[in-house]
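# Survey of secondary and tertiary structure
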Amino acid sequence: MPDLRELYQEVILEHSKAPRNYREIGGANRKAEGFNPLCGDHYTVYAQMEGDTIRDVSFQGAGCAISKASASLMTQSVKGKTLAEFEGLFSKFHDMVTGHASAANRGEIGKLSVFAGVSEYPVRVKCATLAWHALNAALKGSQDSVSTE
Amino acid sequence: MSAAANRSSLGVAPLAAAGSATPYDVQKIRADFPILSQTVNGKPLIYLDNAATSQKPRAVIDAITRYYETTNANVHRGVHYLSQHATDEYESARETVRRFLNAAEPGEIIFVRGTTEGINLVAHSYGRLKIQAGDEILVTAMEHHSDIVPWQILAQEKSARLRVAPINEAGELLMEEFARLLGPRTKIVAVPHVSNALGTINPVREITRLAHEHGAVVLVDGAQAVPHIAVDVQALGADFYVFSSHKVYGPTGIGVLYGRSALLNAMPPYQSGGDMISSVTFEKTTYNKLPHKFEAGTPDIAGVIALGAAINYVNGIGIDRIAAHECELLAYATEVISAAPHVRIVGKAKEKAGVLSFVMDDVHPHDIGTILDQEGIAIRTGHHCAQPVMARFGVPATARASFALYNTREEIEALAAALRKVREVFA
């Protein structure tokens, strides 16, 4: 039986209570909504791109501790990254929460490794990846909202 | 918490078993449900997600096996022994349902896939026949999506108007507002007998009386009522009444639409094909009589027979004794959950059945659900297919514990203890 503390790590609880970059970017040149219709989780992510670089990124919305902490930590991790770097990080993050990453890979994603415990809870993968899917859609210029259902 | 004194006003039969000497032996009942003996995450399963679907007693599981081992043949078709035997069992289940709802005739009982299909049948068939531009369909603010969307589509198609009767902070229908919304344009009223998100028991008898004064017909969504309280469709004055087998201890994929025969006879078929015809030529088809006009194609024969077994099981215990047991559980759960730290109950109607929705400060229902799951406790978390209800109470989602005839006070105590654990994790 997985230990709850593996899922609800201190960092996750702390970010869910006090999310970083929790604001709107006025006039953001990238924006997308992500929602999970079955849960009612709903976030809007904002990004300001300069050329190929994510100059600023933020989010707002409501959802569970996992989805909110994931959105918060994501904004910290991808600020200043290029689009290609974002895609690489998203891919590694996705592999980790779905249980497809090796321990070595985990080291490469820094603080995001606190979400490794999610792989023991398959139904919560959609919570952990919601903001990532939304940001991915925003950066690719998709006007549609994304859904993890 | 339906006190016996209030039952008559709710169209609920009086407590037949009141004063009965036989005690309610919940352990004996639990032994009838094979699934309840398992462990989940190393803990005994505590199943409190009955409003989503109920577990099945051995009698229902056996009915399905017995049907396929001894009876399987198509119904209403063959002259051979098995076909007649299968038809007899299938029609016998219809009679069981008729008695359970106290419908006047077996032809008024239509087997469908579930509550959703029952509502869709009425919206398509009765709705398209009767609704014209400018007409109104009245629903309530506590509706399940399945009792909103079919009417919304119908209203859009016919340029009719969908109106919504509001509810108060307790989650009760505002009857004065409801009455005010009724008018000469109101053609259909759709209400839940019991709200799936709040547990509110609606005063259906009063609703049908008011609606009928304006010439509207009333569809009652009984999905959450049938497992918990005695239902008499004639006493309620329901024109249509729908429920799902799987919420009342029967299999999934089968449900019931009750309709008054005068209405059903006037309605065009919903689906067409075999079994629903009397004669077919390439020029003209004559439809079969009720109920077959609405049962095109080979039905879920095993499902119908097993639903009959489920109702027989419920009758064997007695719906009024079940109602009394669950009423006590709900009262106890309300007491202990209210006392849990930082918990707020959503839906405090005076008349409730089966359902306890709640939220906890600073903890999302999904996180509650995951932590409870670690304790072997199954509850529902989310919007319960009732997003307008969530919006009304200003919450994105709730946690919902819902009770059945096999739940115990000890399980409710375990739920309260697990909620304290949630608080510890999020402290």
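Let us look at the structure shown here.

Rules and cut-offs
- Residues numbered from 1 in each chain as written.
- Chains lettered and ligands numbered in written order.
- Predicted model: local features only at pLDDT ≥ 70, side-chain atom pairs only at ≥ 80, totals over all residues.
- Helix = DSSP H or I, 4+ residues; strand = E, 2+ residues; numbered from the N terminus.
- Buried ≥ 20, exposed ≤ 12 C-beta atoms within 10 Å, placed from the backbone.
- Core = buried A, V, L, I, M, F, W, Y, C linked by C-beta atoms within 7 Å.
- Domains from an automatic or database assignment.
- Contact = placed C-beta atoms within 7 Å.
- Nonpolar A, V, L, I, M, F, W, Y, C, P; charged D, E, K, R; others polar.
- Pairing = 2+ DSSP bridges.
- Axes fitted to C-alpha atoms, helices over the stretch in contact; angles between N-to-C directions.
- Expected span 1.5 Å × (residues − 1).

Here we take up the overall build of chain A. A count of helices and strands for chain A gives 6 helices and 4 strands. Counted from the first residue to the last, chain A has its helices and strands arranged as α-α-β-β-β-α-α-α-α-β. Across the 149 residues that make up chain A, the buried fraction comes to 45%.

Attention shifts here to the nonpolar core. Counting 170 residues, the largest nonpolar core has Val45(A), Ala131(A), Ala134(A), Leu135(A), Val218(B) and Ile305(B) as the members making the most contacts within it. When we break this core down by domain, the ones giving at least three residues each are domain 1 (4-56 + 318-425) and domain 2 (60-315) of chain B. Discounting chain neighbours no more than four positions away, the residues touching Ala131(A) are Gly34(A), Tyr43(A), Val45(A), Phe59(A), Ser67(A), Ser70(A), Ala71(A) and Met74(A).

Turning to the interface of chain B and chain A, a few remarks are in order. In this complex, chain B contributes 15 residues to the contact, which on the side of chain A involves 15 residues. Considering every element that reaches the side of chain B that touches chain A, the biggest residue donor is helix H12 (residues 365-374) of chain B, with 5 residues. The residue inventory of the side of chain B that touches chain A, partitioned by class, reads 6 nonpolar, 8 polar and 1 charged.

To continue, consider the sheet that holds strand E7 (residues 186-192) of chain B. Residue and element names in this part refer to chain B. Spatially, the 7 strands line up as an open sheet ordered E4-E10-E9-E8-E7-E5-E6, and their pairing is mixed. Whereas interior strands pair on both sides, the edge strands pair on one side only; in this sheet they are strand E4 (109-112) and strand E6 (161-165). Taken pair by pair, the neighbouring strands of this sheet meet at an average axis angle of 20°, ignoring direction. Across the face of the sheet, helix H3 (residues 81-101) comes into contact with E4, strand E9 (240-244) and strand E10 (255-259) while running at roughly 115° to E4.

All right, on to the environment of Glu413(B) then. Residues and elements named next belong to chain B. With respect to the helices and strands, the residue Glu413 is situated in helix H14 (residues 409-425). Residue class for Glu413 comes out partly exposed when judged on the 13 C-beta atoms lying within 10 Å of it. In this structure the C-alpha to C-alpha distance between Glu413 and Val336, which are 77 residues apart in sequence, comes to 7.5 Å.

All names here are of chain A. Strand direction decides the pairing type here: strand E2 (residues 41-50) and strand E3 (residues 53-62), joined by 9 bridges, are antiparallel. The residue of E3 that forms the bridge with Val45 is Phe59. In this antiparallel pair of consecutive strands, E2 and E3, the connection spans 2 residues, and Gly51 shows a positive phi of 60°.

Each neighbour pair has its own omega, and for Leu290(B) with Pro291(B) the value is 0°, a cis peptide bond. Of note, Pro291(B) is situated in the loop between strand E12 (285-287) and helix H10 (301-317).

Residue and element names in this part refer to chain B. Here Ile301 lies in helix H10. Linking Ile301 and Phe33, residues 268 residues apart in sequence, is a C-alpha distance of 23 Å. Beyond its immediate chain neighbours, meaning those up to four positions away, Ile301 contacts Val75, Ala86 and Tyr90.

Another aspect to go through is helix H3 (residues 65-78) of chain A. The end-to-end C-alpha separation of H3(A) is 20 Å, in line with the 20 Å expected for 14 residues at 1.5 Å each. Among the 14 residues that make up H3(A), 12 are buried, leaving the element largely enclosed by the rest of the structure. Taken together, the buried positions of H3(A) are Ala65(A), Ile66(A), Ser67(A), Lys68(A), Ala69(A), Ser70(A), Ala71(A), Ser72(A), Leu73(A), Met74(A), Thr75(A) and Val78(A). Here the buried face of H3(A) lies against helix H2 (10-17), E2, E3, helix H4 (83-97) and helix H6 (125-139) of chain A together with H12 of chain B. Note on H3(A): the residue one or two positions beyond its end, Gly80(A), has a positive phi of about 90°.

Residue and element names in this part refer to chain B. For E10, the buried fraction is high: 5 of the 5 residues fall into the buried class. Where burial is concerned, the two faces of E10 agree: the one with Gly255, Leu257 and Gly259 and the one with Val256 and Tyr258 are both buried. As judged from the 4 bridges shared by E4 and E10, these two strands associate in the antiparallel manner. Bridge assignment links Val112 to a residue of E10, and that residue is Gly255.

Okay, the sheet that holds strand E16 (residues 380-382) of chain B next. Strand pairs in the sheet, formed through backbone hydrogen bonds, run parallel or antiparallel to each other. Residues and elements named next belong to chain B. Strand order in the open sheet formed by 4 strands is E13-E14-E17-E16, with antiparallel pairing between adjacent strands. At either margin of the open sheet sits one strand with a lone partner, and together these are strand E13 (343-346) and E16. Geometrically, the sheet is characterised by an average inter-axis angle of 30° between neighbouring strands, direction not taken into account. Across 4 bridges, E13 lies against strand E14 (residues 355-360) in antiparallel orientation. For Val346, the partnering residue across the bridge sits in E14 and is Ser357.

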